[in-house]
Amino acid sequence: MTTRPVTTDDAGIPAPSDEHSLSVGPNGPLLLQDHYLIQKMAHFNRERVPERVVHAKGGGAHGILQITEDVSQFTKAGLFQKGVETPLFLRFSTVAGENGSADTARDPRGFAIKFYTQDGNYDIVGNNTPIFFIRDPQKFSDFIHSQKRRADNHLHDHNMQWDFWTLSPESAHQVTFLMTDRGTPASWRHMHGFGSHTFLWYNAAGDKYWVKYHFKTDQGIRNLTAAEAQALTATDPDHHTRDLFEAIKRGDHPSWTVNVQIMPFEAAADYRFNPFDLTKVWPHSDYPEITIGRFVLNRNPENYFAEVEQAGFEPANLVPGIGASPDKMLQGRLFSYPDAHRYRIGPNYLQLPINQPRVPVHSYNFDGPMTYRNPQDPVYAPNTAGGPAADPALHSGEHYHVTGEVIRSAYVKHAEDDDYVQPRALWENVLPDTDRAHLVGNIVGHASAPEVTTDMKRRVVDYWTNIHKDLGHGVAQGLGLA
């Protein structure tokens, strides 16, 4: 048996873990002192010039959010108060493909929204899925590398995709979703969007709640079969980009109903699933969706590069009334996304028109490449020269108590935490027979690529058998395995 080398950081120091970030206890927030995690994320953000490392291929449009229901008992965030209208910009994308790739490929779709609120920008950076492939950011760059091109022949390789997925059982829920026809939506207009992560809401009295966002397409769900998606890849690789632009141009403005799931703060501790695990959903039988409003896309970009390519979304943009949760993937993205933008479009990316807030900026940051805003003295705090001063009371309510030893660990399992129980429920309770058949066919088609080895095919069968024996049996038959 070949002895494997020890993973190191870029300075040659042995790495503390390939899978787990440093957190306060198994369920607590991550720590800035985790140099290895930060080095991996910072290096990953600088791997490509100049297109996005992930979500490179995409399009977007401007719109308006309208809140129709009173949720002030849950959050004091200004944009979510009844009757408020907030301008927004939404960017759709694929995850793994390059800028020139087909936007009808089998892939999750990015669903990133920038709200230009009266309290500054609020960004929800989600997908068209309520879950993701992994639950710890330590594995994110490795996951993306498995979906990108090989180092030797510069080709995509299904074998290494299945290698990562089958060695990462937490991916099962997302991969099941991906291999259904929802992995190939008919258009951006005909798919749901999700904030995916769990976020903190707090009201004016300081009462706290956990929240998940659901954006339900008013156009209805429409998907492509694998054959239809492949045909469009060949004949119109920009089909989704074209569809959205032309629909808005002709006045067919797409819209989404905005729903939320609300969990009382204290209920998270002993909920049957870990509510901060990005590979899990909150079943609607426990926490039904509540409709709070609607948004519509009604204006196309005037310049694609200026408004779509230069758009920078960051989950760290959290306005008063909204905070982060201990979701480890969210914690990693709080750093990673703004760092990616500083590299890709410059340290003053928030001064670009598409990213600039619609309210005055009073910041002590100044200078740097391509600065446009020129603040006057004083440029430091504290000061006695009349400069701006922070008001901690605006964020009163976002704090909560955490305890725990500083360790690298997986989440502590909740009563029903299991990597296969939710994808099994998707197979047993959600998918109709036609979708089940397409799921099996899509898996078999993907795992039948010539580079996928026989040994890997057996691992693929085991992976799906863990979800459901009938699903595993169908995949085995399709791959010609007993």
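These notes cover the structure that comes with them. (Residues numbered from 1 in each chain as written. Predicted model: local features only at pLDDT ≥ 70, side-chain atom pairs only at ≥ 80, totals over all residues. Heavy atoms only, no water.)

Some points on the nonpolar core
Thought 1: By size, the foremost hydrophobic cluster in this structure holds 40 residues, and its most contacted members are Trp-162, Trp-165, Ile-443, Val-460, Trp-464 and Leu-471.
Thought 2: Sort the elements by how many residues they give to this core and helix α11 (residues 454-467) lands first, with six residues.
Thought 3: The contact partners of Trp-464, leaving out residues within four places of it in the chain, are Trp-162, Val-175, Thr-176, Met-179, Ile-443, Leu-471, Gly-472 and Val-475. (Core = buried A, V, L, I, M, F, W, Y, C linked by side-chain atoms within 4.5 Å. Buried < 20%, exposed > 50% of the residue type's maximum accessible area, 1.4 Å probe, protein only. Helix = DSSP H or I, 4+ residues; strand = E, 2+ residues; numbered from the N terminus. Contact = heavy atoms within 4.5 Å.)

Focus: empty space enclosed by the protein
Thought 1: Throughout the structure, instances matching the rule amount to two cavities of 30 Å³ or more.
Thought 2: Taken as a whole, the largest cavity holds about 610 Å³ of empty space.
Thought 3: Every residue lining the largest cavity is counted, 37 residues in all, and those nearest its centre are Val-54, His-55, Phe-140, Arg-333 and Tyr-337.
Thought 4: Elements with a minimum of two residues in the lining of the largest cavity: α1 (35-44), β3 (85-94), β4 (109-117), β5 (120-127), α2 (140-147) and α8 (328-344).
Thought 5: Considering only residue class, the lining of the largest cavity consists of 18 nonpolar, 12 polar and seven charged.
Thought 6: What the second largest cavity holds in volume is close to 60 Å³.
Thought 7: Lining the second largest cavity are Asn-128, Phe-177, Arg-182, Pro-185, Met-191, His-192, Phe-194, Ile-221 and Asn-223.
Thought 8: Here the lining of the second largest cavity is built from residues that sort into five nonpolar, three polar and one charged. (1 Å grid on protein atoms, 1.4 Å probe; cavity = no way out; pocket = protein on both sides within 12 Å on 5 of 7 lines; lining within 4 Å. Points joined across faces, edges and corners; volume = space filled by probe spheres on them. Nonpolar A, V, L, I, M, F, W, Y, C, P; charged D, E, K, R; others polar.)

Observations regarding the packing of aromatic side chains
Thought 1: Scanning all chains against the criterion turns up 34 aromatic pairs.
Thought 2: Considering the side-chain rings of Phe-111 and Phe-215, the 5.8 Å spacing of their centres and the 5° angle between planes classify their relative orientation as stacked. Highlighted residues: Phe-111 in strand β4 and Phe-215 in strand β8 (residues 208-217), separated in sequence by 104 residues.
Thought 3: A centroid spacing of 5.9 Å and a plane angle of 80° characterise the contact between Phe-111 and Trp-256, whose relative ring orientation is edge-to-face. (Phe/Tyr/Trp six-rings, centres within 6.5 Å; stacked < 30°, edge-to-face > 60°.)

Focus: the packing of α2 against helix α3 (residues 158-167)
Two packed helices can be described by the angle between their axes and the distance between those axes.
Thought 1: Look at α2 against α3: their axes get within 7 Å of each other, and the N-to-C directions meet at 150°. Regarding the angle of α2 to α3, the classification is roughly antiparallel. Contacts from Asp-142, Phe-143, His-145, Ser-146 and Gln-147 of α2 reach α3 at Met-160, Gln-161, Phe-164 and Trp-165.
Thought 2: Class assignment for the residues of the contact of α2 with α3 results in four nonpolar, four polar and one charged. (Axes fitted to C-alpha atoms, helices over the stretch in contact; angles between N-to-C directions. Parallel < 35°, antiparallel > 145°, perpendicular 65-115°, else oblique.)

As for the packing of α1 against α8
Thought 1: At a minimum axis separation of 9 Å, α1 and α8 run at an interaxial angle of 35°. Considering only the axes of α1 and α8, their crossing is right-handed. Packed against α1, whose contacting residues are Ile-38, Met-41 and Ala-42, the element α8 presents Gly-332, Phe-335, Ser-336 and Asp-339 at the interface.
Thought 2: Of the residues contributing to the contact of α1 with α8, the split by class is four nonpolar, two polar and one charged. (Left-handed = near helix turned anticlockwise from the far one by under 90°.)

Observations regarding unusual backbone geometry
Thought 1: Of note, the bond from Asp-377 into Pro-378 is cis; its omega dihedral lies within 30 degrees of zero at 5°.
Thought 2: Note that Pro-378 resides in the loop between α8 and β12 (406-408).
Thought 3: The omega angle of the peptide bond from Ala-381 to Pro-382 is 0°, so this bond is cis rather than trans.
Thought 4: Structurally, Pro-382 is set in the loop between α8 and β12.
Thought 5: For His-154, which is not a glycine, the phi torsion comes out positive at approximately 60°.
Thought 6: Secondary-structure assignment places His-154 in the loop between α2 and α3.
Thought 7: With a phi angle near 60°, Met-370 is a residue other than glycine that sits in the positive phi range.
Thought 8: Turning to its location among the elements, Met-370 is positioned in the loop between α8 and β12.
Thought 9: For Met-370, a relative accessible area of 76% gives the class exposed.

Quick look at the side chain of Gln-174
Thought 1: Positionally, Gln-174 belongs in helix α4 (residues 172-179).
Thought 2: With a relative accessible area of 0%, Gln-174 lands in the buried category.
Thought 3: Excluding anything up to four places from it in sequence, Gln-174 contacts Thr-129, Ile-131, Phe-132 and Phe-133.

Coordinates in, geometry out; function isn't part of it.
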